[in-house]
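Letter by letter, the chains look like this.
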Amino acid sequence: MHTARTQQDLIVLDFETSGMAPQRGDRAIEVGAVKVNDGRIVDHFESLMNPGFRVSSFIEEFTGITNDELRRAPRCEEVMHQFSEFIGGAPLVAHNASFDQRFLKSEFARIGECKLLRFGCSMLVARRLYPEAPNHKLATLVAYKNLPSQGVFHRALADAEMTAHLWMEMEREVCQRCQVDTVPFEVLRGLGKVSPKKIADHLEKVLSFQSESLMLS
DNA sequence: TGCCAGGCCCTCTTTAGGGCCTT
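- Looking at an unreviewed UniProt entry, chain A carries the name DNA polymerase III, epsilon subunit, with the source organism given as Desulfuromonas acetoxidans.
- Quoted verbatim from the Subunit (unreviewed entry) heading of the UniProt record, the comment on chain A is "DNA polymerase III contains a core (composed of alpha, epsilon and theta chains) that associates with a tau subunit. This core dimerizes to form the POLIII' complex. PolIII' associates with the gamma complex (composed of gamma, delta, delta', psi and chi chains) and with the beta chain to form the complete DNA polymerase III complex."
- The UniProt entry for chain A carries the following comment under Function (unreviewed entry): "DNA polymerase III is a complex, multichain enzyme responsible for most of the replicative synthesis in bacteria. The epsilon subunit contain the editing function and is a proofreading 3'-5' exonuclease."

## Points about the sheet that holds strand β4 (residues 92-94)
In a beta sheet, neighbouring strands are held together by backbone hydrogen bonds and run either parallel or antiparallel to one another.
Then comes step 1: Strand order across the open sheet formed by five strands is β3-β2-β1-β4-β5, with mixed pairing between neighbours. The strands lining the two open edges of the sheet, one partner per strand, are β3 (40-48) and β5 (119-121). Ignoring strand direction, the axes of neighbouring strands in this sheet form an average angle of 25°.
Then comes step 2: Sheet topology note: the strand β2 (residues 28-37)/β3 ladder contains eight bridges and is antiparallel. Residue pairing in the sheet places K35 in a bridge with D43 of β3.

## Quick notes on the packing of helix α3 (residues 76-87) against helix α4 (residues 97-110)
Then comes step 1: Packing of α3 against α4 brings their axes to within 9 Å, and their N-to-C directions diverge by 110°. Regarding the angle of α3 to α4, the classification is roughly perpendicular. The hand of the α3/α4 crossing is left-handed. Contact residues: α3 offers C76, M80, F83, S84 and I87, while α4 offers L104, E107 and F108.
Then comes step 2: Class assignment for the residues of the contact of α3 with α4 results in six nonpolar, one polar and one charged.

## Section: the side chain of S47
Then comes step 1: Note that S47 resides in strand β3.
Then comes step 2: When its relative accessible area of 13% is taken as the criterion, S47 is described as buried.
Then comes step 3: Contacts of S47, omitting those with residues within four sequence positions, involve I29, E30, V31, P74 and V79.

## Structural notes on the pattern of salt bridges
Then comes step 1: Counting across every chain of the model gives 10 salt bridges.
Then comes step 2: A salt bridge links R155 to E30; the nearest nitrogen and oxygen atoms lie 2.8 Å apart. On the criterion of sequence distance, the pair formed by R155 in the loop between α6 (138-144) and α7 (156-178) and E30 in strand β2 is long-range, its members being 125 residues apart.
Then comes step 3: Given the relative accessible area of 2%, E30 is considered buried.
Then comes step 4: A salt bridge links R177 to E173, with the shortest nitrogen-to-oxygen separation between them at 3.3 Å. With a gap of four residues between them, R177 and E173 both fall in helix α7, about one helical turn apart.
Then comes step 5: With relative accessibility at 17%, the residue E173 sits in the buried group.
Then comes step 6: Overlapping salt bridges, with partners in common, bring together R27, R75, E77 and E107 in one network.

What counts as what
- Residues numbered from 1 in each chain as written.
- Chains lettered and ligands numbered in written order.
- Predicted model: local features only at pLDDT ≥ 70, side-chain atom pairs only at ≥ 80, totals over all residues.
- Heavy atoms only, no water.
- UniProt positions renumbered as here; feature names shortened; annotations may be inferred.
- Pairing = 2+ DSSP bridges.
- Helix = DSSP H or I, 4+ residues; strand = E, 2+ residues; numbered from the N terminus.
- Axes fitted to C-alpha atoms, helices over the stretch in contact; angles between N-to-C directions.
- Parallel < 35°, antiparallel > 145°, perpendicular 65-115°, else oblique.
- Left-handed = near helix turned anticlockwise from the far one by under 90°.
- Contact = heavy atoms within 4.5 Å.
- Nonpolar A, V, L, I, M, F, W, Y, C, P; charged D, E, K, R; others polar.
- Buried < 20%, exposed > 50% of the residue type's maximum accessible area, 1.4 Å probe, protein only.
- Salt bridge = Lys/Arg side-chain N within 4 Å of Asp/Glu carboxyl O.

Listed below in structure tokens is the structure:
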């Protein structure tokens, strides 16, 4: 069995938010993230965030995060400074990354942080690798691939952990298909962006990358 | 008054529309 190796830190993150659209004033209310290296979760970050207003009863029920908890939580700006230090310059992964990317950019903009964000999307890659799955919701994929789960959903750290296990599973999947020991982040990330008919061509890049690495070493 | 996210993907498509996925 192949063991996929992540040769650098990878941050897998998830936001719980007050709604769907930061451009309409929605804010992050919880951030959870894990640091992955060498195929293992080696660190984590978790914090509630006080957005400065009450969230809807729907969000309270959906996430289990109450307005009373948010009132006592540190403000978003304080948490985001800490989170920026946590992620450093590492590449990022999220499930349906366009959603988390919008909120991360929005919250970073509020604190004047403008670091380059390289996002991989576990949902887009899963659509390519597991087109036969019932659907590509995070919970469904976790069950479909029998991945580790504490049975908690819609909380930031729990969702980030499950997304990390999904990403590592997909790394292993590509390594097995290509008979290689490692798959670069950019190759796996790119798999989510190619057309379904070009998956085989894209995976050939894994082999060529492996060959080039061996020649350079 | 009516609408109100956005990026990706598929198809009954491309001068478009609707479903998926995230909270």
